[in-house]
Amino acid sequence: MRHWLAAFAVMGLGGPVAAQHQLGAYYAEIGREDVFNSSGVRLGDLGAILQQDRANYHRFGIRHFGDDSDPFFADRAARSQIPALYARGPREPLIERIVLQGNTLGILVVVCGRGGRPDYLVINFADGDSYRGC
């Protein structure tokens with residue numbers, strides 16, 4: 001069984017692997033508007049909050065001082081993939097806790113993938129401490 005799991009990991013089906021490359025990165029400031037969806041319902045996980053941040057940036061024009069543009073999530077279909085991309089990447093429990101408590105936080109989102117296609121996201125503090133890439 002372990003041999004099959006190792007084979008899936010090497011093929012990229014088991015999550016982030018060494019063959020992944022950094023496709024890009026952007027800074028985002030997660031603010032109060034980002035923790036509520038467009039209907040005003042509070043979001044309960046960081047993946048959904050990241051998606052709302054990009055919708056606010058690209059669709060609704062709600063931009064915080066620390067927000068950068070990105071070349072990946074301008075359209076709705078691409079943004080809908082953000083929660084799954086986040087779920088496939090490594091977790092940063094402290095960032096999750098800070099954001100889910102409703103605090104404003106600057107982050108650096110690293111987009112990892114192959115062939116120009118995002119496979120997962122790595123979330124870092126914007127100040128560069130404890131930076132993790134692909």
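Treat the numbers as computed from the prediction; the structure is a model and nothing was measured. (Residues numbered from 1 in each chain as written. Predicted model: local features only at pLDDT ≥ 70, side-chain atom pairs only at ≥ 80, totals over all residues. Heavy atoms only, no water.)

Undergrad: Mind showing me how you'd approach the environment of R54 here?
TA: Inspection of the secondary structure assignment puts R54 in helix α2 (residues 46–60). Accessibility expressed as a relative area gives 0% for R54, which makes it buried. Spatially, the C-alpha atoms of R54 and R79 are 7.0 Å apart, while their sequence positions differ by 25 residues. Here D53 takes part through its side chain, which lies 2.9 Å from a polar atom of the side chain of R54. Side-chain polar atoms of R54 contact the backbone oxygen of D68, separated by 2.9 Å. (Helix = DSSP H or I, 4+ residues; strand = E, 2+ residues; numbered from the N terminus. Buried < 20%, exposed > 50% of the residue type's maximum accessible area, 1.4 Å probe, protein only. Polar contact = N/O pair within 3.5 Å; in protein donor to acceptor, adjacent residues only side chain to side chain.)

Undergrad: I would appreciate a short explanation of the sheet that holds strand β2 (residues 105–114) in the present structure.
TA: Note on sheets: strands pair through backbone hydrogen bonds, and any given pair is parallel or antiparallel. Ordered in space as β1-β2-β3, the 3 strands form an open sheet in which the pairing is antiparallel. Whereas interior strands pair on both sides, the edge strands pair on one side only; in this sheet they are β1 (21–30) and β3 (117–125). Shown here is a sheet whose adjacent strand axes are inclined to one another by a mean of 25 degrees, direction ignored. Pairing of β1 with β2 involves 9 bridges; the strand directions are antiparallel. Across the sheet, Y27 pairs through a bridge with L108, a residue of β2. In the packing of α2 onto the sheet, contacts are made with β1, β2 and β3, and the angle to β1 comes to roughly 80 degrees. Here helix α5 (residues 93–100) sits on the sheet and contacts β1, β2 and β3; the angle it forms with β3, its principal contact strand, is near 75 degrees. (Pairing = 2+ DSSP bridges. Axes fitted to C-alpha atoms, helices over the stretch in contact; angles between N-to-C directions. Contact = heavy atoms within 4.5 Å.)

Undergrad: When you look at the pairing of β2 in this model, what are you seeing that I'm missing?
TA: If a strand is regular, its side chains alternate between the two faces of the sheet. With respect to burial, β2 is a largely interior element, 8 of its 10 residues being buried. Where β2 and β3 come together, 8 bridges link them in antiparallel fashion. Opposite V110, over in β3, you have V122 as the bridge partner. Here β2 folds back onto β3 in antiparallel fashion, the turn holding 2 residues, of which G115 has a positive phi close to 55 degrees.

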